[in-house]
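# Inside the fold
These are the residues of each chain, in order.
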Amino acid sequence: MRILLVDDEVRFADGVRRGLEAEGMTVDVAHTGTDGLRLAGESDYDAIVLDVMIPGMSGYLVCRELRAGGDWTPVLFLTAKDGEWDEVEGLDTGGDDWLTKPFSYPVLVARIRALVRRGARERPAVLEAGDLRLDPAARQVFRGATEVSLTARELSVLDFLMRRRGEVVTKREVIANVWGEEFDADPNIVEVYIGHLRAKLDRPFGKNAIRTVRGAGYRLSADGA
């Protein structure tokens, strides 16, 4: 089992390396994001253990670059950042698991083994509705040949609409799939994000793809027009 560990705390990384090697793993270590990305491109790893706050480029960006390049090696974020939105960002950028410092060493080993058992994920398919395309791996959206910049939340709403293109979806369905079942704020927030998407993806291109179905919800037309 070959592991890439990317962490800028030299003594900490050395301790983790020695511990994993005692479990029979082979471990390569990088102390910057740029070195980690380079090593990941040069060798095949069974899993990558990645800190978030590292010099060169953040762990989020390293993970995003890996996924955009078609590398779906399992990534475990191991970091001192413990906010729920930090974890959300890590998973949204393509991470597979999240563990905060300080941590239980047996849990770290078990999670690495679980990731390796599952193996690398396949790159998500590009979603299309006419000339509207969303690449979930690269987190890019295009209208024809024009790339359109969306926020993370706008991307999530569009992703759900495109996976259900041609179907009517309710506000509650959008909230459950984008914000989560526990979200208890005003459901009209969905209208706000639908408005953002129309302003960026429909009106500038003379389209009317995202339609309101009165009393029911919203529908993204299957042809994206």
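Residues numbered from 1 in each chain as written. Predicted model: local features only at pLDDT ≥ 70, side-chain atom pairs only at ≥ 80, totals over all residues. Heavy atoms only, no water.

### Observations regarding the UniProt feature "modified residue: 4-aspartylphosphate" (unreviewed entry) in the chain
The condition is simple: UniProt positions are given in the numbering used here, feature names are shortened, and annotations may be inferred rather than shown by experiment. The numbering of helices and of strands both runs from the N terminus, where a helix is a DSSP run of H or I of at least 4 residues and a strand a run of E of at least 2. Working definition: with a 1.4 Å probe on protein chains only, accessible area under 20% of the residue-type maximum means buried, over 50% means exposed, and in between means partly exposed. Contacts between residues were defined by any pair of non-hydrogen atoms, one from each residue, lying within 4.5 Å.
Using the residue numbers shown here, the UniProt feature "modified residue: 4-aspartylphosphate" (unreviewed entry) corresponds to D51. If you trace the backbone, D51 turns up in the loop between β3 (47-50) and α3 (59-68). Owing to a relative accessible area of 4%, D51 belongs among the buried residues under this scheme. Ignoring any residue separated from it by four or fewer positions in sequence, one finds D51 in contact with V6, D7, D8, G59, L78, T79 and K101.

### Notes on the packing of aromatic side chains
For clarity, the cut-off: Aromatic pairing here means that ring centres of Phe, Tyr or Trp (its six-membered ring) are within 6.5 Å. Orientation follows from the plane angle: under 30 degrees is stacked, over 60 is edge-to-face, and everything else is tilted. Note on geometry: a ring has a charge over it if NZ (lysine) or CZ (arginine) is within 6 Å of the ring centre and within 35 degrees of the ring normal.
Within the structure shown, the criterion is met by three aromatic pairs. Each ring, one from F12 and one from F103, has its centre 6.1 Å from the other, and the planes form 90°; the classification is edge-to-face. A residue pair is termed long-range when its members are at least 10 positions apart, and F12 in helix α1 (residues 10-22) and F103 in the loop between β5 (97-100) and α5 (105-118) qualify at 91 residues. Positioned above the aromatic ring of F12 is the side chain of K101, whose terminal nitrogen or guanidinium carbon lies 4.2 Å from the ring centre.

### Structural notes on the pairing of strand β2 (residues 26-30)
Filter applied, for reference: For two strands to be treated as a pair, DSSP must find no fewer than two bridges joining them. When the strands point away from the viewer, a crossover counts as right-handed if the route from the first strand across the helix to the second turns clockwise.
Pairing between strand β1 (residues 2-6) and β2: five bridges, direction parallel. Residue L5 lies in a different strand from β2, and its bridge partner there is V29. Read from β1 through α1 to β2, the crossover connection turns out right-handed.

### Some thoughts on the nonpolar core
For soluble globular proteins, the rule of thumb is that nonpolar side chains tend to be buried together. Note the threshold: Side-chain atoms within 4.5 Å are what join buried Ala, Val, Leu, Ile, Met, Phe, Trp, Tyr and Cys residues into a set we call a nonpolar core.
V157 and L158 are the most contacted members of the largest nonpolar core, which totals 27 residues. The element best represented in this core is helix α6 (residues 152-163), accounting for six residues. L158 has contacts with L132, L134, V141, L150, L197 and L201, leaving out every residue within four places of it along the chain. Ranked by size, the runner-up nonpolar core spans 18 residues in total, among them A30, L39, A40 and V52.

### Quick look at the UniProt feature "domain: Response regulatory" (unreviewed entry) in the chain
Taking the numbering used here, the UniProt-annotated feature "domain: Response regulatory" (unreviewed entry) corresponds to residues 2-116. The distance from the first to the last C-alpha atom of residues 2-116 is 10 Å, and the span holds 47% helix and 20% strand.

### Topic: the confidence of the model for the chain
The condition is simple: Residue-level confidence of the predictor, termed pLDDT, takes values from 0 up to 100.
Residues with a pLDDT of 70 or more make up 96% of the chain, whose mean pLDDT is 87. Of all secondary-structure elements in the chain, the lowest mean pLDDT belongs to helix α4 (residues 84-92), at 77, while β3 reaches the highest, 94.

### A look at the sheet that holds β3
So the rule is basically this: Angular values range over 0 to 180 degrees, each being the angle between N-to-C directions of two axes fitted as lines to C-alpha atoms, with helices fitted over their stretch in contact.
With respect to topology, five strands assemble into an open sheet ordered β2-β1-β3-β4-β5, the strand pairing being parallel. Strand pairing shows two members of the sheet lacking a second neighbour, β2 and β5, which therefore form its edges. In this sheet, adjacent strand axes meet at a mean angle of 20° when their direction is disregarded. Strand direction decides the pairing type here: β3 and strand β4 (residues 75-79), joined by three bridges, are parallel.

### Brief notes about the packing of α1 against α5
Heads up, the condition is: For any pair of crossing helices, the crossing counts as left-handed if the nearer helix is rotated counterclockwise from the farther one by less than a right angle, and right-handed if it is rotated clockwise. Any residue that is not Ala, Val, Leu, Ile, Met, Phe, Trp, Tyr, Cys, Pro, Asp, Glu, Lys or Arg is counted as polar, Gly included; the first ten are nonpolar and the last four charged.
Contact geometry for α1 and α5: axes closest at 11 Å, N-to-C directions at 65°. By crossing handedness, the relation of α1 to α5 is classed as right-handed. When α1 is examined against α5, the residues V16, G19 and L20 are found in contact with a partner set consisting of Y105, L108, V109 and I112. Split into classes, the residues belonging to the contact of α1 with α5 amount to six nonpolar, one polar and no charged.

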